[in-house]
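Below, each chain spelled out in residue letters.
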Amino acid sequence: MSSVAMVAPAASAASGAPPLRTPQLGPRAQDDLPVLPALAPLLPTGSLRRGVTVSVAAASTSLALAVLAGPSAAGAWCALVGMPALGVRAAAELGVALERFALVPAAGPGNAQWSTAVAALLDGMDVVAVRPPRRVAGGEARRLAARARERAAVLLCLGEWEGADLRLSVSDGQWIGPDAGVGRLRGRRIRAHATGRGGFSRPRDVELWLPGSDGRVHSAAPVEERAPLSVVLGAVS
Amino acid sequence: MSERAVRTVVVWCPDWPVAAAIAEGEVRAGASVAVLAKGRVLACSAAARAAGVRRGLRRREAQGRCPDLFVLAHHPEQEARCFEPVVAAVEQMCSGIEVIRPGLLALPARGPARYYGGEPALLDRLWRIGAMVPALSGDALPCRAGIADGILAATVIARTAAGIEDAIVPPGGSADFLAVHPVDVLGQPELTTVLRRLGIRTLGAFAELPADDVLARFGSEGAVAHRRARGLDAKPLATRRPEPELAVKTLFDPPVERVDTAAFAARALAVRFHESLADRALGCLRLSIVARTEHGEELCRCWRHDGVLSAAAISDRVRWQLDGWLTHAGAGDAPTSGILELELIPEQVIPHSGHQLGLWGGAGEAEDRADRALTRVQGLFGPDAVLTPVLAGGRHSRVRTQLVPWGEPRIPDRDPDEPWPGHIPAPSAATVLPAPQPVQLTDAADVPIEVTGRGVITADPGRLRIGAGPVEDVESWAGPWPVKERWWDPKAARRRVHLQAVTASGTARLLVLERGSWWVEAVYD
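First things first, this report covers the structure right here in the doc.

## Quick notes on the nonpolar core
Counting residues in each nonpolar core, the largest one holds 61 residues, and the members touching the most others are Val9(B), Leu342(B) and Leu344(B). Per-element accounting of this core gives the leading share, eight residues, to helix α4 (residues 76-93) of chain B. In this structure, Leu344(B) is in contact with Ala247(B), Val248(B), Leu269(B), Ala270(B), Phe273(B), Leu287(B), Ser288(B), Ile289(B), Ile314(B) and Val318(B), ignoring residues within four places of it in sequence. Leu80(A), Leu86(A), Ile190(A) and Ala194(A) belong to the second-largest nonpolar core, a separate cluster that totals 48 residues.

## Structural notes on the pattern of salt bridges
Residue and element names in this part refer to chain B. Enumeration over the complete set of coordinates arrives at 36 salt bridges over all chains. Taking the shortest distance from any N to any O, the salt bridge between Arg 7 and Glu 119 comes out at 2.9 Å. Residue Arg 7 is located in strand β1 (residues 7-12), and its partner Glu 119 is located in helix α6 (residues 119-127); the two are separated by 112 residues in the primary sequence. Residue classification places Arg 7 among the buried positions, given a relative accessible area of 11%.

## Side note on the pairing of strand β18 (residues 508-514) of chain B
All names here are of chain B. Within β18, seven of the seven residues are buried, which leaves it mostly tucked inside the rest of the structure. Burial along β18 is two-sided: the residues Ala 508, Leu 510, Val 512 and Glu 514 and Arg 509, Leu 511 and Leu 513 are all buried. Across six bridges, the pairing between strand β17 (residues 494-503) and β18 is antiparallel. For Gln 500, the partnering residue across the bridge sits in β18 and is Leu 510. Joining the antiparallel neighbours β17 and β18 is a turn of four residues, in which Gly 506 adopts a positive phi near 90°. For β18 and strand β19 (residues 517-524), the ladder comprises seven bridges, and the chain directions are antiparallel. Bridging from a neighbouring strand, Val 512 pairs with Trp 519 of β19. The turn linking β18 back onto β19 is made up of two residues, and Arg 515 within it adopts a positive phi angle of 50°.

## A closer look at the interface of chain B and chain A
Counting from both sides, the interface comprises 44 residues of chain B and, opposite them, 49 residues of chain A. In total, chain B and chain A occlude about 3,800 Å² of area from one another, counting both sides; carbon and sulfur atoms represent 65% of this. Between chain B and chain A we count zero salt bridges in total. Of all elements in the fold, only α15 (364-381), β12 (387-391), β13 (401-405), β14 (431-442), β16 (471-485) and β17 of chain B reach the threshold of two or more residues within the side of chain B that touches chain A. Top element by residues in the side of chain B that touches chain A is α15(B). It accounts for 10 residues.

## Some words on the side chain of Arg301(B)
Residues and elements named next belong to chain B. Relative to the elements of secondary structure, Arg 301 occurs in strand β10 (residues 298-304). For Arg 301, a relative accessible area of 3% translates into the label buried. Engagement of the side chain of Arg 301 in a polar contact is seen with the side chain of Glu 84, the distance being 2.6 Å. Look past the residues within four positions of Arg 301 in its chain and what remains in contact with it is Glu 84, Val 87, Ala 88, Glu 91, Val 99, Leu 287, Ser 288, Ile 289, Gln 321 and Trp 325.

## A few points about the packing of aromatic side chains
Residue and element names in this part refer to chain B. Considering all chains together, one arrives at five aromatic pairs over all chains under this definition. Aromatic side chains Trp 16 and Phe 83 sit 5.2 Å apart centroid to centroid with 70° between the ring planes, which places their arrangement in the edge-to-face category. Residue Trp 16 is found in helix α1 (residues 16-23), and its partner Phe 83 is found in helix α4; the two are separated by 67 residues along the sequence. With respect to burial, Trp 16 and Phe 83 carry one shared label: buried. Consider the rings of Tyr 115 and Tyr 116, whose centres lie 4.9 Å apart with planes at 90°: the pair is edge-to-face. Since its relative accessible area comes to 66%, Tyr 115 is described here as exposed.

Analysis parameters
- Residues numbered from 1 in each chain as written.
- Chains lettered and ligands numbered in written order.
- Predicted model: local features only at pLDDT ≥ 70, side-chain atom pairs only at ≥ 80, totals over all residues.
- Heavy atoms only, no water.
- Core = buried A, V, L, I, M, F, W, Y, C linked by side-chain atoms within 4.5 Å.
- Buried < 20%, exposed > 50% of the residue type's maximum accessible area, 1.4 Å probe, protein only.
- Helix = DSSP H or I, 4+ residues; strand = E, 2+ residues; numbered from the N terminus.
- Contact = heavy atoms within 4.5 Å.
- Salt bridge = Lys/Arg side-chain N within 4 Å of Asp/Glu carboxyl O.
- Pairing = 2+ DSSP bridges.
- Buried area = accessible area lost by both parts, 1.4 Å probe.
- Polar contact = N/O pair within 3.5 Å; in protein donor to acceptor, adjacent residues only side chain to side chain.
- Phe/Tyr/Trp six-rings, centres within 6.5 Å; stacked < 30°, edge-to-face > 60°.

Shape descriptors only; they carry no functional weight alone.
Dropping the structure here:
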């Protein structure tokens, strides 16, 4: 159970027990955070448990925003650290409530400062998304993950995070809409993957429109194969 | 009724938000102007009113009634800043001034009336105060005043009086004078909505309710409103003289000269002030803001509020006042150096343990917790380190959202609800580069792509290369969409062409052609 020891030094004392079953919740509500319906098949309970650490492969900003959108629309407070290039309008289209969304574009160059800012945000926000300016060392990653668990917040990392409970990634992205000067970008069909540790160890896949033609996330019927998609392409042009 | 309110003068500048915009040179006097807050008309100029524009109208409706209407956003800071000279001018004549909000101030009438030879004589001087204000003297500022027992009656008479001779309610006549007016003049929309639903439409009907029943149903805020409706002042029977330790102060080292720095510290101070009062179950009705400068000057201004001041309301007033002092150059009492110390003194407090208007409370706890965390990060890295996004209007990805520091009003410069023809519709790009990256866009034979003056592309894009990166094949593309903005203004004119390109790796990008070269503006990742 080396993975147990990696999550939090305190958890290793309770030998053998899954580290995430009984998160030490702070004073706040213990209910799970809802996710958008299209993303629910990626999670075993269909919702995001408070206290978990999620990593999203760095190439997919929109998947990270889609993960934020569910809790945010349900009233959670979200913060995003280290992304001065965020397309705020895309976030709003995906469903993030901007009045409960704070951006910390550059939280200082120093290691200690970045860590302090993230730790302070974990105290008060429900979901904290980060794009680390550098690789986060193991000790620091464990400390922040423990902080998130203790304060019942969700830590979402855009990029690699050592010891993340849930790892999300996308593949097979295909845009529809533009065709030699005609049309415009209307939607991207992708396959999202979820894997992880503990309760998340079973890999899950879902096909999504991310974003769809209205900027939101929709589930794409999994029975559809590539062939019908090309028919759609022809119809659009 | 044996108890009687203090004889009070109220000085009221009509349409103050418009007058402030004229004073700052945003619009010329005499134009049809409306100031909007939260999508509704807050104030309008006389010309706009003549065309049928009224307070509370929606923007479209107002523009429909008055097609040449000039619409401005509501700027409380600007209004407070411009009001400072007026307050200073009144202060030359009388003492004991309390600012209620920008455009409205109150002072006790007895002393000045005796000094100037009677209430009519005092009013005569106050009605002419607008012409004495140096910054606004270009066009005589309409200033009105009224005298009555209590602030509410004095405000209503100042607003409704046809001339100076009508602007006095005789002593003891305030309750009868107010009785016929609708409850809306209380200026507490949450309370008056409930009252209307209960069938109470005039202040007279509200005043007839038993005071203890009003207190039981509406809390201390309702009780204060009830006293005002009866022609008394907000001061309840159990007013306490505040203990000295309720005053809070903060020292600046080095002294501050910039409004934003001072305002940021003022916010923390306001929260501390409010918490120390809340711990003792007290609410503040009147507040003195005192600033001391490096040269030993002491600036002091008293603000009054009709209800209990919340932490945000206190912090707003401190910010407006600092703005008034620091940016108000040229006036006699402007500080000559930076502010060294800022102190908040509660002048009048009442027992206050929250109020109950609706049946369901707001979800304040999560908000307070988030606010504390974000303020903490601002304390670590400065006020600009934590931003909150607002949707704004515009045609280009970078201007279609605006970031405002946490804690400042979320008001976009450009209205996002307007059509903005030429913008790229949803889905929007998830990454908008802060600075566009140069890109070489060529056709399959490496000939650079151009767009003619008529918006026709010279060839099909075949390859693109960002900076010194690898060459990528363009798989599909859409566009070009030319956007010509403000072509009538040579300084602000912009000509751009948008184009969406998807490369072989499946990445979609928004490319922009401006001044002869292509740039990557946003990435759909």
